[in-house]
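# Structural description and commentary
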There are 2 protein chains.
Amino acid sequence: MDPFLKAALDEARIGLEEHGIPIGAVLVIDGEIVGRGHNRRIQKRSPILHAEMDCLERAGRLTAADYSRSILYSTLSPCDMCSGAALLYKIPKIIVGENQTFHGPEDYVRSRGIELEIVNDPQCIALMEEFIANHPALWNEDIGLPISNSAP
Amino acid sequence: MDPFLKAALDEARIGLEEHGIPIGAVLVIDGEIVGRGHNRRIQKRSPILHAEMDCLERAGRLTAADYSRSILYSTLSPCDMCSGAALLYKIPKIIVGENQTFHGPEDYVRSRGIELEIVNDPQCIALMEEFIANHPALWNEDIGLPISNSAP
């Protein structure tokens, strides 16, 4: 596995150990990880700390020149919010662990000029499938769905 | 002025007093403010705490049913990230203080079913015009532009 996707998956597993939602992300600039994060909805009681947002937050304030050379890795297809953050900062490329258990606005993101590479890694898929099966209400909350609905 | 837009403007002014970027937001459900926030890029060294994000964060974890009855007020047209957060949580309506000093992806947001009402309040416009004139580099950083470029 790509070592940066592996680092994002490691973050997802840290989230699971913390009894959180197992999604992880890393931000890479010039071959180095400058930020790591994982979903912290549970841990911080936060509706905004999806993995990608936590990663960007922990990377700190960067310049447009920094973001223009960056690659965002996420274990899961970024949702509207996280895709929007990538668009705001003009992150040119996102490498996505999988888009089988959730599918963000990928066509729109591509139409705005971001390159999206979908890996569909079996470990990323298995991690989310198990989590969603065990915690459907929590998962629906995280993606803005009513608790009683099925995730897409 | 609409009292909720006034509350958002009060938040923006709190941000200015803190030497931050003067943008404010409130989230209203059933006629009551359930969250207030302002841009805290400077105060928290945060690239994700735009006013709307800070407001959603401070509102805490809400249900989809809560968000479905909410109205988000922001003193400024929401950027890609903040628009994305509203899309994630299916906030049905956003009331925007002004879109003269910055213009988010309003057409896309409307195409996804959110009602956007643009007030273009003179106080909201004046607050941002003065801030941008005095702090152009900081403003460009906040909207993902190179420091040397002009804001749109």
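Criteria and cut-off values
- Residues numbered from 1 in each chain as written.
- Chains lettered and ligands numbered in written order.
- Predicted model: local features only at pLDDT ≥ 70, side-chain atom pairs only at ≥ 80, totals over all residues.
- Heavy atoms only, no water.
- Helix = DSSP H or I, 4+ residues; strand = E, 2+ residues; numbered from the N terminus.
- Rg over C-alpha atoms; globule rule 2.2 N^0.38 Å.
- Buried < 20%, exposed > 50% of the residue type's maximum accessible area, 1.4 Å probe, protein only.
- Contact = heavy atoms within 4.5 Å.
- Areas by Shrake-Rupley, 256 points an atom, 1.4 Å probe, with all protein chains shown as cover.
- Lys, Arg positive; Asp, Glu negative; His and termini not counted.
- Charge placed at Lys NZ, Arg CZ, Asp CG, Glu CD.
- Phe/Tyr/Trp six-rings, centres within 6.5 Å; stacked < 30°, edge-to-face > 60°.
- UniProt positions renumbered as here; feature names shortened; annotations may be inferred.
- Least-squares fit on C-alpha atoms with pLDDT ≥ 70 in both.
- Axes fitted to C-alpha atoms, helices over the stretch in contact; angles between N-to-C directions.
- Parallel < 35°, antiparallel > 145°, perpendicular 65-115°, else oblique.
- Left-handed = near helix turned anticlockwise from the far one by under 90°.
- Nonpolar A, V, L, I, M, F, W, Y, C, P; charged D, E, K, R; others polar.
- Buried area = accessible area lost by both parts, 1.4 Å probe.
- Salt bridge = Lys/Arg side-chain N within 4 Å of Asp/Glu carboxyl O.
- Polar contact = N/O pair within 3.5 Å; in protein donor to acceptor, adjacent residues only side chain to side chain.
- Pairing = 2+ DSSP bridges.

### So, the overall build of chain A
- Of regular secondary structure, chain A possesses 8 helices and 5 strands.
- Of the regular secondary structure in chain A, the N- to C-terminal order runs α-β-β-α-α-α-β-α-β-α-β-α-α.
- Computed over C-alpha atoms, the radius of gyration of chain A comes to 14 Å, within 12% of the 15 Å expected from 2.2 N^0.38 for 152 residues, which places it in the range of a compact globule.
- For chain A, the spread of C-alpha atoms along the principal axes amounts to about 45 × 30 × 30 Å.
- Out of the 152 residues belonging to chain A, those deemed buried represent 60%.
- For chain A, contacts bridging at least 24 residues in sequence account for 51% of all contacts bridging at least 6.
- Per element, the accessible surface of chain A, about 6,000 Å² overall, is 50% carbon and sulfur.
- Looking at chain A, you have 14 positive and 22 negative side-chain charges, and the mean spots of the two groups are 6 Å apart.

### Overview of the packing of aromatic side chains
Residues and elements named next belong to chain A.
- All told, the structure shown has 7 aromatic pairs over all chains when counted by the stated rule.
- When the ring of Phe-4 is compared with that of Tyr-73, the centres are 5.5 Å apart and the planes differ by 55°; the resulting orientation is tilted. Here Phe-4, found in helix α1 (residues 3-17), pairs with Tyr-73, found in strand β3 (residues 70-74); they are 69 residues apart in sequence, far enough to count as distant. Each member of the pair Phe-4 and Tyr-73 is classed as buried.
- Taking 4.4 Å as the distance between ring centres and 20° as the angle between the ring planes, the aromatic pair formed by Tyr-67 and Tyr-89 counts as stacked. With Tyr-67 in helix α4 (residues 64-68) and Tyr-89 in the loop between α5 (80-88) and β4 (93-96), this residue pair connects regions lying 22 residues apart in the sequence. Neither Tyr-67 nor Tyr-89 differs from the other in exposure class; each is buried.

### A few points about the UniProt feature "domain: CMP/dCMP-type deaminase" (unreviewed entry) in chain A
- The sites that UniProt annotates as "domain: CMP/dCMP-type deaminase" (unreviewed entry) are residues 1-116 of chain A.
- With 41% helix and 21% strand, residues 1-116 of chain A has end C-alpha atoms that lie 17 Å from one another.

### What about the relation of the copies chain B and chain A?
- The two copies are related by a screw operation: chain B maps onto chain A through 180° of rotation and 0.0 Å of translation along the axis, at an RMSD of 0.0 Å. Put plainly, the chains are arranged around a two-fold axis.
- A share of 100% of the interface residues of chain B reappears at the interface of chain A, consistent with the copies meeting face to face through the same patch.

### Re the packing of helix α1 (residues 3-17) of chain B against helix α7 (residues 122-134) of chain B
All names here are of chain B.
- One way to put it is that α1 packs onto α7 with a least axis distance of 11 Å and a crossing angle of 20°. By the angle between their directions, the pair α1 and α7 is classed as roughly parallel. Crossing geometry of α1 relative to α7 is assigned as left-handed. In this structure, α1 contributes Leu-9, Ala-12, Arg-13 and Leu-16 to the contact, and α7 contributes Gln-123, Cys-124, Leu-127 and Phe-131.
- Its residues assigned to classes, the contact of α1 with α7 shows 6 nonpolar, 1 polar and 1 charged.

### Points about the interface of chain B and chain A
- Residue-level contacts link 35 residues of chain B with 35 residues of chain A.
- Together chain B and chain A conceal approximately 3,000 Å² of surface at their shared face, both sides included; 59% is due to carbon and sulfur atoms.
- When the buried area of chain B at its contact with chain A is split by residue, Ile48(B), Arg61(B) and Leu88(B) rank highest and sum to 24% of it.
- Of the charged contacts, one joins Arg112(A) and Asp80(B) as a salt bridge, the two residues approaching to 2.9 Å between their closest N and O atoms.
- Joining chain B to chain A, the criterion identifies 14 residue pairs in polar contact (both at pLDDT 80 or more).
- Contributions of two or more residues to the side of chain B that touches chain A are made by α2 (41-44), α3 (51-59), α4 (64-68), α5 (80-88) and α8 (136-142) of chain B.
- Ranked by residue count, the leading element in the side of chain B that touches chain A is α5(B), at 6 residues.

### Considering the sheet that holds strand β1 (residues 24-29) of chain A
All names here are of chain A.
- Pairing in this open sheet of 5 strands is mixed, and the strands run β2-β1-β3-β4-β5 from one edge to the other. The two strands at the open ends of the sheet, each matched to only one other strand, are β2 (32-38) and β5 (115-118). Averaged over neighbouring strand pairs, the angle between their axes works out to 15° when direction is ignored.
- Judged from the 6 bridges that link them, β1 and β2 form a sheet pairing that is antiparallel. Paired with Ala-25 across the strands is Gly-37, a residue of β2.
- Across the sheet, helix α3 (residues 51-59) touches β1, β2 and β3, and the angle it forms with β2 is around 130°.

### Section: the packing of α3(A) against α5(A)
Residue and element names in this part refer to chain A.
- Axis separation between α3 and α5 bottoms out at 8 Å; the angle between their running directions is 35°. Each of Glu-52, Met-53 and Leu-56 in α3 lies in contact with α5, whose residues at this interface are Met-81, Cys-82 and Ala-85.
- Of the residues assigned to the contact of α3 with α5, the class counts are 5 nonpolar, no polar and 1 charged.

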